[in-house]
Amino acid sequence: MNQVIATRSDITAKAWPFYGLLISLFVLLVGLFFAALCLGSVPLSIQAVWQALLSSTPQNSESNILWQLRLPRSLLAIVVGVHFALAGLILQAVIRNPLADPSILGVNGGASLAIVLCLLVFDYVQLQVFNLSDSRFNFVWLPAIALLGGTLATALVLKLSWRQQLQPNQLALNGVAIGAVLNALVMWAILAWGGNRTETSLIWLAGSLYGRDFSQLLLLLPWTFIGVFGCFLLLKHLSILQLDSDAAHTLGLNVKRWRLTSLFIAVALAASATAVTGPLGFVGLIVPHFAKVLLNRLGLGISLPHLMVVCMLAGATLTLAADIASRTLISPLEIPTGTLTTLMGIPILLLLIRRQS
Amino acid sequence: MVSSMIPRLAASPFGLALIGTCFLVLSALLSVSIGDYQLSLLEIWSALISPSESLASFVIWELRMPRLLLAMIAGAALGVAGAITQAVTQNELASPSLVGVSSGAALAIVLVLVFTNLSSHYHFVAGIVGGSVAMSITLWLSWKQKLDPVNLILSGLCISLFCAAATTLLLISVSTDTRGLFYWLLGSVANRTWQHVSLLAPIALLSLILCAFLARPLTILQLDTEVIKSIGGQVKRWRIQALALTVILTSATVSVTGPIAFVGLVAPHICRTLLPKHLAYEYRFVLCGSALCGALLVSISDLLANYQEIPVGILCVLFGGPSLVWLIQKQYKQGAL
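As annotated in an unreviewed UniProt entry, chain A is ABC transporter permease from Pseudoalteromonas luteoviolacea DSM 6061. Chain A has a UniProt comment under Subcellular location (unreviewed entry) that states "Cell membrane". Here chain A is described in UniProt, under the heading Sequence similarities (unreviewed entry), as follows: "Belongs to the binding-protein-dependent transport system permease family. FecCD subfamily."

Peer 1: Would you mind going over the overall build of chain B with me for this structure?
Peer 2: A tally of helices and strands in chain B yields 14 helices and 0 strands. Each helix and strand of chain B, placed in order from N terminus to C terminus, yields the pattern α-α-α-α-α-α-α-α-α-α-α-α-α-α. Taking 337 residues into account, the globule formula puts the C-alpha radius of gyration at 20 Å, and chain B, at 20 Å, falls close to it. Each of the three principal axes of chain B carries a C-alpha extent, and together these read 65 × 65 × 35 Å. Residues counted as buried form 56% of the 337 residues belonging to chain B. Sequence-distant contacts, at least 24 apart, represent 74% of the contacts inside chain B between residues at least 6 apart. Here chain B contributes 17 positively and 12 negatively charged side chains, and the mean placements of these two sets differ by 14 Å.

Peer 1: Hey, could you run me through the interface of chain B and chain A in this one?
Peer 2: Size of an interface, as often reported, equals the accessible area lost when the parts are brought together. With 41 residues of chain B in contact, the opposing surface of chain A contributes 39 residues. Taking both partners together, chain B and chain A bury about 3500 Å²; carbon and sulfur atoms supply 78% of that area. At the boundary of chain B and chain A, one finds 0 salt bridges. At the junction of chain B with chain A, the criterion picks out 1 residue pair in polar contact (both at pLDDT 80 or more). Of all the secondary-structure elements, those providing two or more residues to the side of chain B that touches chain A are α6 (120–141), α7 (149–173), α8 (179–186) and α14 (312–334) of chain B. It is α7(B) that contributes the most residues to the side of chain B that touches chain A, 16 residues altogether.

Peer 1: What should I look at first to understand the pattern of salt bridges in this one?
Peer 2: Oppositely charged side chains can pair when the atoms bearing their charge come close. Residue and element names in this part refer to chain B. According to the stated counting rule, one finds 6 salt bridges over all chains in the structure shown. As a salt-bridge pair, Arg284 and Glu282 come within 3.7 Å of each other at their nearest N and O atoms. Taking relative accessible area as the criterion, Glu282 reaches 24% and is therefore assigned partly exposed.

Peer 1: Just checking my understanding: could you explain empty space enclosed by the protein for this structure?
Peer 2: To find leftover empty space, one rolls a probe the size of a water molecule over the atoms. Summed over the entire model, instances satisfying the criterion amount to 1 cavity of 30 Å³ or more. Here the largest cavity is characterised by a volume of approximately 50 Å³. Leu350(A), Ile353(A), Arg354(A), Leu141(B), Gln145(B), Asn151(B) and Ser155(B) together form the lining of the largest cavity. Elements supplying a minimum of two residues to the lining of the largest cavity: α14 (337–356) of chain A together with α7 of chain B. Take the lining of the largest cavity: its biggest share by element is 3 residues, from α14(A). Residue composition of the lining of the largest cavity, grouped by class: 3 nonpolar, 3 polar and 1 charged.

Peer 1: Would you mind showing me how to read the packing of aromatic side chains here?
Peer 2: Two aromatic rings, taken as a pair, are described by how far apart their centres are and by the angle between their planes. Using the criterion set out here, one finds 5 aromatic pairs over all chains in the structure. Between Phe182(B) and Tyr183(B) the ring centres are 6.1 Å apart and the planes differ by 85°, which places this aromatic pair in the edge-to-face class. Exposure remark for Tyr183(B): the relative accessible area of 36% places this residue in the partly exposed category. Of note, Arg354(A) hangs over the ring of Trp140(B), and the distance from its end group to the ring centre comes to 5.9 Å.

Peer 1: So what exactly am I meant to see when it comes to the packing of helix α4 (residues 55–89) of chain B against helix α11 (residues 235–257) of chain B here?
Peer 2: When two helices pack together, their arrangement is given by the angle between their axes and by how far apart the axes lie. All names here are of chain B. Two elements in contact, α4 and α11, have axes whose closest approach is 9 Å; the angle formed by their N-to-C orientations is 150°. The orientation of α4 with respect to α11, classified from their angle, is roughly antiparallel. The crossing of α4 and α11 is left-handed. Of the residues in α11, those in contact with Leu70, Ala74, Ala77, Leu78, Val80, Ala81, Ile84, Thr85 and Val88 of α4 are Arg239, Ala242, Leu243, Thr246, Leu249, Thr250, Thr253, Val256 and Thr257. Grouping the amino acids of the contact of α4 with α11 by side-chain chemistry returns 12 nonpolar, 5 polar and 1 charged.

So, how was this worked out
Residues numbered from 1 in each chain as written. Chains lettered and ligands numbered in written order. Predicted model: local features only at pLDDT ≥ 70, side-chain atom pairs only at ≥ 80, totals over all residues. Heavy atoms only, no water. UniProt positions renumbered as here; feature names shortened; annotations may be inferred. Helix = DSSP H or I, 4+ residues; strand = E, 2+ residues; numbered from the N terminus. Rg over C-alpha atoms; globule rule 2.2 N^0.38 Å. Buried < 20%, exposed > 50% of the residue type's maximum accessible area, 1.4 Å probe, protein only. Contact = heavy atoms within 4.5 Å. Lys, Arg positive; Asp, Glu negative; His and termini not counted. Charge placed at Lys NZ, Arg CZ, Asp CG, Glu CD. Buried area = accessible area lost by both parts, 1.4 Å probe. Salt bridge = Lys/Arg side-chain N within 4 Å of Asp/Glu carboxyl O. Polar contact = N/O pair within 3.5 Å; in protein donor to acceptor, adjacent residues only side chain to side chain. 1 Å grid on protein atoms, 1.4 Å probe; cavity = no way out; pocket = protein on both sides within 12 Å on 5 of 7 lines; lining within 4 Å. Points joined across faces, edges and corners; volume = space filled by probe spheres on them. Nonpolar A, V, L, I, M, F, W, Y, C, P; charged D, E, K, R; others polar. Phe/Tyr/Trp six-rings, centres within 6.5 Å; stacked < 30°, edge-to-face > 60°. Lys NZ or Arg CZ within 6 Å of the ring centre and 35° of its normal. Axes fitted to C-alpha atoms, helices over the stretch in contact; angles between N-to-C directions. Parallel < 35°, antiparallel > 145°, perpendicular 65-115°, else oblique. Left-handed = near helix turned anticlockwise from the far one by under 90°.

Put into structure tokens, the structure is as follows:
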């Protein structure tokens, strides 16, 4: 919380190590991307991948695997990673709470509940009113519905912890309690009315990138552009919002308005990603923490613009790596990516809680 | 006359126990009679006193009775385990599921189920090992913070989440069909037989009797540690005994019903609210009351859950989660945290 905002001269003096960090992260990401294309239950050689990438018309099974399965999936992993990492970073800056994360604040739970309820109601109406047995749900609406659910859940958690000035531990406790209730409601809905959607819903709830194609990527991209663009527009306000609200007031900022705007963008980023891949727990907690440690170790001041860029790259790298692990560790079966990120995130959460006290 | 009796009854612990037992009997009657095959009171009575080959008697003795008994025993065990945990950690937010015992036990049981084919008696042993390990980690993590209430619960929740994620991982990575296990993990007493009852009942009853001996030490443990030591109390021994009983009660329940969360948190609180103020920390009454409240909670929840065939664990989370939030608010308002 006591992050020093580096002055401009600091930043220019330390520009080179920073660009070095960016370049190495980028190289890592590209390397992982090619690894993601090569590895899997059917291993492909790098030449085969390269040839299949260059010729977009599918001729053989290799290029089919690449274009139908691995390419959309890996790209989606990257995009979703950016979503969750940025959401986590904004939440932590705005709430001034290092424990903030979309999965802790109830965004994921609220989004899941909204989506599941919406799908079930839609199925029901279609069956009863129009007598159609196959679902023709228009998935374009899913991110918006998720946004609605996520916003409501987050508002509830924030409201509950408002009186204690959003004290970190209490906020986390409230968030986890609300999350448990939302999860139970989702389970209830699925088990009682799920019908033939039960199995797919359960897989989706664990947070998985299995079987995603380009249509889902296209669904998410507008939200990515809005979110990332919004983040960079908000940069100036966010660095002031990191200060306590009195100081922010003195600097002439309409604290309430910009706080709400930033929160909304964070929720939108997390909820839209949840709509496509299901909740990938704790990515928003791990990545900003990791980015701060990285910047500190390299002796670079933690300035918000730097942090944001590093978070985007690191988030993409993390989810891509988690996705590779999730489909190669016990291939040909798959581990849900969300489970893996949760397992990684909890030790870090414990560390942060420890630091709080 | 009745209207003047009830307040007077509710003022004394024995009257409260009487009222609680009445409710318990009522919920038992309801859960025996309601279902796909409706039974009248008369039919229940005749099937209870003279079990015959009739359908009513089969439904009662083989289908509904084990389920009801399991719900009650599990509720009582979890309620008492919760009361003990709260007494030992001196933390009103603590409960077996919030300090990680339940999910640790569940993880260990799933491990045993997946990698070995031991009989269900060993599941209980595995549950004890897993539960103790998970609880020790939680206590160790918040030891440096002097078991600060919020810190303890947050650490426990983290351990629980971790164990739950690891359990999911395990279930998915084995290729056999795990749908039954999935239901078990949500906490359910559906489709249980007398075999399950005979697994849980002896252990649970034995530990509950042992708990009765701990009532006085638990009451004393509410005092400051230094004070207890000066009057010759064995703080460490009592704590370890009490926690061991918590782990045994919880693991035995988990191995049969799966992790049912929040009962251990809510039951002692309901009991304390109902008890007269000066008895609210007298553990003779708190333990009995928590057992009664727990049994009531789980059996009524199961009655509601049975209506839609959803696992009872889900309903318990639905009323337990909001109560946790409410308790947090209350404690912060009182400045206790």
